[in-house]
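What follows is each chain in one-letter form.
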Amino acid sequence: MAIRKIRVNGDEILRKKCKEVKEITPSILTLLDDMADTMYDANGVGLAAPQVGVLKRVVVIDIGEGIVELINPVIVEKRGSQVCAEGCLSIPGATAEVDRPEYVKVEALNRNGEKIVVEGTELMAIALCHETDHLDGILYIDKAVGEIEGL
């Protein structure tokens, strides 16, 4: 396990669409482990693979309830609305208000290749949306509903 370099705004990889993971290989498992280490080291609540320079549909999230690893996550349901301040490890020092669903349901694979369903409200819903956006080259500043502070 290792700490990887977090790519920052302006790095073109953050704007690219990630490829689906076709097979869970040892390198994907290492990626998951390294992403978790990197997220914790940076005091983040989520991290997507392109943020560490890998164009794969892989996300890790921990809002304080334990690590959630998602491979090929797809949002299958969302409802409600909440506007909250967001930040991002790839845009250090900046925050902005973003309108996100209050409830989100995601289908994905876990590290064993098993289909899982993750549901979230409040912060977990925000993290699920924020991190899956990264997989399509979308940053939270693209969805800001007001001024972006610190950018």
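- Identification of the protein chain as Peptide deformylase from Candidatus Fimicola merdigallinarum is taken from an unreviewed UniProt entry.
- Its UniProt record gives the protein chain the following Catalytic activity (unreviewed entry) comment, quoted word for word: "N-terminal N-formyl-L-methionyl-[peptide] + H2O = N-terminal L-methionyl-[peptide] + formate".

### Some details on the UniProt feature "active site" (unreviewed entry) in the protein chain
Reasoning step 1: Mapped onto this numbering, the UniProt entry annotates "active site" (unreviewed entry) at E131.
Reasoning step 2: Structurally, E131 is set in helix α2 (residues 122–134).
Reasoning step 3: When its relative accessible area of 4% is taken as the criterion, E131 is described as buried.
Reasoning step 4: Those residues in contact with E131, other than ones at most four positions away along the chain, are G46, L47, A48, Q51, V59 and I61.

### A short note on the UniProt feature "binding site: Fe cation" (unreviewed entry) in the protein chain
Reasoning step 1: Under the present numbering, the feature "binding site: Fe cation" (unreviewed entry) in UniProt falls on C88, H130 and H134. Taken together, the annotated residues stretch across 47 residues yet fold into one region, lying no more than 10.4 Å apart by C-alpha.
Reasoning step 2: The residue C88 is located in the loop between β4 (82–86) and β5 (96–100) in this model.
Reasoning step 3: Classification of C88 by relative accessible area gives buried; the value is 12%.
Reasoning step 4: Note that H134 resides in helix α2.
Reasoning step 5: If near-sequence neighbours (up to four positions away) are discounted, H134 is found in contact with K16, A48, P50, Q51, C88 and L139.

Here is what the cut-offs are and how they apply
- Residues numbered from 1 in each chain as written.
- Predicted model: local features only at pLDDT ≥ 70, side-chain atom pairs only at ≥ 80, totals over all residues.
- Heavy atoms only, no water.
- UniProt positions renumbered as here; feature names shortened; annotations may be inferred.
- Helix = DSSP H or I, 4+ residues; strand = E, 2+ residues; numbered from the N terminus.
- Buried < 20%, exposed > 50% of the residue type's maximum accessible area, 1.4 Å probe, protein only.
- Contact = heavy atoms within 4.5 Å.

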